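The chain contents come next:
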Amino acid sequence: MPKKKTNKELINNYLEHIKNEKKVSQGTIKTYKNVGESLPFNLLSNQTVIIKKLKELYSNANTLQLYLNMIILVRRFDNEETDKLIKLRNSLKDEIVKIRKDNLDTLDQKLPSFDYIKTELNNLNGIRYILNYLIIEHGLRNGSINLKFVKTLPAIEDRTENYIMVKPKEALLNINDYKTEEKYGSKQIKIKDTKFIEELKKLNLKPNDYLFSKKDKSKITNSSTFNDKILNLSINKLGQNKIFKLVIKDTLNRKDFDKLEQLSQDRGTSLEVLLKSYNLDNGLEKEKED
């Protein structure tokens, strides 16, 4: 009888396969390895055994779904049955939606008003104005804000980073490295806000300088370090995710659907995701009639 493969072997084999098939981030690889190697049972065990063990280990529906997703993919690659695991994963959807709505409702009660955020923005200067403007007006994620200052854009085939440049009457952002780039491709954003352009010029950036950099002016490549920097510079240290939720709430309250579409494109997030995951009013128990 052949020796059963270890979880480490199973996951490494699967990761090699998907790395050859499509682009996979280092974050995904690290998560799969950490998740898979921490499980106290073999991924090729009987489905009933796996389900029993998972329920004993994890009560949170989101966590349970994370493990199920990975186990299903690895087992499917190894031609093992997944029907019972898929059935359990599907049954978690309603519970996850409820958890998300409850979390949004709780968050809405703790956050300041959008008017407060806008007032604070107008009182800011320098790099803090630039950062918070990009979050509020364009909904950019942290990764998209890791911008390199250039006088001219590289050739299309050489655009591997996110760039910012100043023209006489506008600032231009060319974003190529972000979470949903495979789906939405390269993004180009034009900013004509006078104060934004003035504050950007005041930074006296030289070609190839980064908007947010290390002390030696090199690029911050560690995502945790970069996220901490953005968090500390954001209004009230709310971070881009919470601020963006306030932006979506205000946009929907004003029924400004053109702005909603613009935010969807600039952020690289579908309208469906914006309405489900970033809409604070989605947490209210009582549905609002249109």
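Bear in mind the structure is a predicted one, so any value in this text is a computation, not a measurement.

> Can you explain helix 13 (residues 257-267)? Please cite residues and give values.
In an α-helix, one full turn covers 3.6 residues, which means residues spaced three or four apart are oriented alike. Burial in helix 13 covers these residues: K259, L260, L263, S264, D266 and R267. At the C-terminal side of helix 13, G268 shows a positive phi close to 80 degrees.

> Break down the packing of aromatic side chains for me, citing the residues and quoting the values.
For the structure shown, the criterion picks out four aromatic pairs. Here the aromatic rings of Y133 and F196 are separated by 5.0 Å at their centres, their planes lie at 45 degrees, and the arrangement is tilted. Of this pair, Y133 sits in helix 8 (residues 126-138) while F196 sits in helix 10 (residues 194-202), and the two are 63 residues apart along the sequence. Overall, Y133 belongs to the buried group, its relative accessible area being 9%. F196 gets classed as buried once you look at its relative accessible area, which sits at 0%. Through pairs of rings, three or more aromatic residues link up here, namely Y129, Y133 and F196. Seen from the ring of Y178, K187 lies directly overhead, with NZ or CZ sitting 4.0 Å from the centre. The ring of F244 carries R267 above its face, with NZ or CZ at 4.1 Å from the centroid.

> How would you explain the side chain of E170 if you had to name every residue and give the values?
Residue position: E170 is located in the loop between strand 2 (162-166) and strand 3 (171-175). Sequence-distant contacts of E170, defined by excluding residues within four places in its chain, comprise M165, K190, I191, K192 and I197.

> Before we move on, can you summarise the pairing of strand 2 with the specific residues and values?
Across the five residues of strand 2, four count as buried, placing the element largely inside the fold. Direction of pairing for strand 1 (residues 147-149) relative to strand 2: parallel, over a ladder of three bridges. Among the inter-strand pairings, L147 is bridged to a residue of strand 2, identified as N162. Pairing between strand 2 and strand 3: four bridges, direction antiparallel. Pairing of M165 across the sheet is with L172, part of strand 3. In textbook terms, the turn of a hairpin is the stretch between consecutive antiparallel strands, and for strand 2 and strand 3 this stretch comprises four residues.

> How would you sum up the confidence of the model for the chain? Please name residues and give values.
When the pLDDT values of the chain are averaged, the result is 84; 86% of them are 70 or greater. Below pLDDT 50 for its whole length, residues 283-290 participates in seven contacts with residues either more than four positions away or in separate chains.

> Can you lay out the pattern of salt bridges for me, pointing to particular residues and giving the numbers?
According to the stated counting rule, one finds nine salt bridges in the structure shown. A salt bridge links E161 to K219; the nearest nitrogen and oxygen atoms lie 3.1 Å apart. With E161 in the loop between strand 1 and strand 2 and K219 in the loop between helix 10 and helix 11 (223-233), this pair connects stretches of sequence that are 58 residues apart. For K219, a relative accessible area of 22% translates into the label partly exposed. Residue R254 is joined to D256 by a salt bridge in which the shortest nitrogen-to-oxygen separation is 3.1 Å. Look at D256 and you get partly exposed, because its relative accessible area is 24%. In this structure, a network of salt bridges that share partners links the residues K118, E137 and K259.

The rules we used
Residues numbered from 1 in each chain as written. Predicted model: local features only at pLDDT ≥ 70, side-chain atom pairs only at ≥ 80, totals over all residues. Heavy atoms only, no water. Buried < 20%, exposed > 50% of the residue type's maximum accessible area, 1.4 Å probe, protein only. Helix = DSSP H or I, 4+ residues; strand = E, 2+ residues; numbered from the N terminus. Phe/Tyr/Trp six-rings, centres within 6.5 Å; stacked < 30°, edge-to-face > 60°. Lys NZ or Arg CZ within 6 Å of the ring centre and 35° of its normal. Contact = heavy atoms within 4.5 Å. Pairing = 2+ DSSP bridges. pLDDT = per-residue confidence, 0-100. Salt bridge = Lys/Arg side-chain N within 4 Å of Asp/Glu carboxyl O.

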